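Residue strings, one per chain:
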Amino acid sequence: MISKRDDIRNVAIIAHVDHGKTTLVDGMLKQSGIFRQNQKVEERVLDSNALERERGITILAKNTAITYNGIKINIVDTPGHADFGGEVERVLKMVDGVLLLVDAFEGPMPQTRFVLKKALALDLPAIVVINKIDRPDARVKQVEDEVLELFIELGADDSQIDFPVVYASAKDGIAKYSMDEPSDNLKPLFDTIVNHIPAPAGDPEAPVQVLITTLDYDDYVGRIAIGRVFRGTIVSGKEYAICKKDGSISMTKVSNLYEFMGLKREEAREATIGDIVAVTGIQDIDIGETIADAENPEPVPYVNIDEPTLSMIFSVNNSPFAGQEGQYVTSRHLRERLFKEAKSNVSLRVEETDSPDSFKVSGRGELHLSVLIETMRREGYEFQVSRPMVIIKEVNGKKMEPMESVVIDIPEEYMGVVMEKMGARRGQLTNMENMGNGALRLEFEIPTRGLLGYRSEFMTDTKGEGILNAVFSGYTPYKGEIPTRSRGALVAFESGESNTYGLYNAQDRGTLFIGPGVRVYEGMIVGENSRPGDLDINVCKKKHVTNLRSSTADEALRLTPPREMTLEKCLEFIKDDELVEVTPKNIRMRKTILSRQERARARARGA
């Protein structure tokens, strides 16, 4: 017997990066009375991961719940970065509607289009929240029109186009139905969710179906599977079947059942249609699998996740400093960690290679892979990675490559340099718009290859004032060669410790990446050459000491401060014959072949 549960609503918050999703969830949690009056609450409380707090972005989708007028609202906060689109795609299967957040100045951006397209494809009704209305440069009316155009462009039907609009300032914790009405809370937003997001429907008596969309881990209880009850009633302590992705069925017992309330999980005895639950006691379950009735196991169809577009080779560190700084250094450690990550990170693929010490890891973009590298580094892993390579497909005998839709916001004076650089990288201008106050918006279609290594160059070219956003737009025929780094590397000539004298003599040859007192080895990259081609330099060279004194010899040698190389900058910098060595204490760049003589022989063979 199909019935509705009017006491529950399931909603996901989707938006482009930095449009205020996590801040809005903060406001909703605070105003729903989840926290005590005197409780100290951090900002962006759902961004609990250290990397999320540092970078100010959401990487993992999070679940929380609030109660409003006796109705439980389950909220899923999703990432805005295109690289974590896999996180968004899978959680949309858990909800009955979405809050589409749009910045009152920026309007719809590439990721807004991507997440809305996914939501419309699943027939989810949307509430449009125009956020940051407190911005002095807000253009609320135009943004509202742009959102409507986007819905029409994405083929929304009449019921989807008839969306309610709420105007909000997540930072100030206010929402309103029209711009000229006063407001001091988020009540209009809560009311709109209750009135416009459909209540979950299903048969609580039918054989149970719980679709697992997220995996968590706890040191005490082991693997925690999080999902939504689509049908029936799941009871703690009972035996159930698991419908695997390969079609096989295995039996298991549910040890404990939890529901979400605020930031906590509360133990429950049973859960029924529409509930979002966490289940413990099941060790062998993956995302996209269904916990089903033991007598009558039926899986819930699962959304297909978009394919990865970039791959890198992760391999065991074999530099002269190998094993000195990391806790986990063997191929067994690396293999276990990567395959464990692939189980919960749905848009990541890990494959074995011909070498037992190397693994091919494919993901959705540079940020997706660099976040994995940084996480592993902090956990004590030591390894080395190759340059990111795009995944080329063969379709009907034609070479196809991934493309990105790029939106660039810049002051007018940088238009020339950006157009020139994007043109050289096979970017095609598709739209140009004057945003007022001397600001321009440029839209391009560009091969993913063309963007590799461009972001840091773009920030330099626009003196840090430009904003570049990109989202995967599909595969197109191969666009031909794209120029890569035009300058060579400065490579350490011998192992030792860098000193001021050696660096002073080397700095005229290019830009250095290290200062004095740094341990180096032969083949390690210590700077960028000012010319094409690599140059071996001796940064450990000591001054020849004699017993003669000259009036100028002891003057202080002035060093130019070295260029700071973050993990992302290193991945952008390296060429095909170079690697990034990653340890918990250091990030170094090196040549794949460390010996000068061996490199010279390899060059001769290549020539």
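Before any of the text, the structure's been laid out above.
Residues numbered from 1 in each chain as written. Predicted model: local features only at pLDDT ≥ 70, side-chain atom pairs only at ≥ 80, totals over all residues. Heavy atoms only, no water.

Draft legend 1. Structural context of the overall build of the chain. The secondary structure content of the chain amounts to 15 helices and 37 strands. Counting every position in the chain, which comprises 607 residues, the buried fraction comes to 53%. As displayed, the chain has an accessible area near 27,900 Å², and 48% of this comes from carbon and sulfur atoms. (Helix = DSSP H or I, 4+ residues; strand = E, 2+ residues; numbered from the N terminus. Buried < 20%, exposed > 50% of the residue type's maximum accessible area, 1.4 Å probe, protein only. Areas by Shrake-Rupley, 256 points an atom, 1.4 Å probe, with all protein chains shown as cover.)

Draft legend 2. Structural view of the environment of Ile 287. Within the secondary structure, Ile 287 sits in the loop between β18 (276–280) and β19 (290–292). Sequence separation between Ile 287 and Ser 344 is 57 residues, and the spatial gap between their C-alpha atoms is 6.8 Å.

Draft legend 3. Representation of unusual backbone geometry. Even without being glycine, Asn 69 reaches a positive phi, approximately 50 degrees. By the element assignment, Asn 69 lies in the loop between β3 (62–68) and β4 (71–77). Residue classification places Asn 69 among the exposed positions, given a relative accessible area of 64%. In the Ramachandran plot, Lys 463 falls in the positive-phi region, its phi being about 50 degrees despite a non-glycine side chain.

Draft legend 4. Structural detail: the environment of Leu 442. When you line up the elements, Leu 442 lands in strand β28 (residues 439–447). Among the residues examined, Leu 442 registers a relative accessible area of 0% and is labelled buried. Residues Leu 442 and Asp 409, 33 residues apart in the sequence, show an inter-C-alpha distance of 6.5 Å. Among all residues touching Leu 442, those that are not within four sequence positions of it are Val 406, Val 407, Ile 408, Ile 410, Val 418, Met 419, Leu 429, Asn 431 and Met 432. (Contact = heavy atoms within 4.5 Å.)

Draft legend 5. Seen up close, the side chain of Glu 146. Counting through the fold element by element, Glu 146 comes out in helix α5 (residues 140–153). A distance of 2.9 Å separates the side chain of Glu 146 from the side chain of Arg 139, its partner in a polar contact. Residue contacts for Glu 146: discarding those within four places in its chain leaves Gly 107, Pro 108, Arg 139 and Glu 433. (Polar contact = N/O pair within 3.5 Å; in protein donor to acceptor, adjacent residues only side chain to side chain.)

Draft legend 6. Representation of the environment of Thr 192 in the model. Considering the arrangement of structural elements, one finds Thr 192 in helix α7 (residues 187–196). The spacing of Thr 192 and Ile 127 is 65 residues in sequence and 7.8 Å in space, taken between C-alpha atoms. If near-sequence neighbours (up to four positions away) are discounted, Thr 192 is found in contact with Ile 127, Pro 164, Val 166, Tyr 177 and Ile 197. Within the local environment of Thr 192, its side chain forms a polar contact with the backbone oxygen of Pro 188, the two atoms lying 2.6 Å apart.

Draft legend 7. Focus on the pattern of salt bridges. Within this structure, the stated rule accounts for 36 salt bridges. If you follow the salt bridges from partner to partner, you end up with Asp 103, Lys 132, Arg 135 and Asp 137 in one network. (Salt bridge = Lys/Arg side-chain N within 4 Å of Asp/Glu carboxyl O.)

Draft legend 8. Representation of the packing of helix α4 (residues 110–121) against α5 in the model. Packing of α4 against α5 leaves a shortest axis separation of 10 Å and a crossing angle of 50 degrees. For the element pair α4 / α5, the angle class is oblique. For α4 against α5, the interelement crossing comes out right-handed. Counting all contacts with α4, which are made through Thr 112, Arg 113, Leu 116 and Leu 120, the residues of α5 involved are Leu 150, Phe 151 and Glu 153. Per-class residue counts for the contact of α4 with α5 are four nonpolar, one polar and two charged. (Axes fitted to C-alpha atoms, helices over the stretch in contact; angles between N-to-C directions. Parallel < 35°, antiparallel > 145°, perpendicular 65-115°, else oblique. Left-handed = near helix turned anticlockwise from the far one by under 90°. Nonpolar A, V, L, I, M, F, W, Y, C, P; charged D, E, K, R; others polar.)

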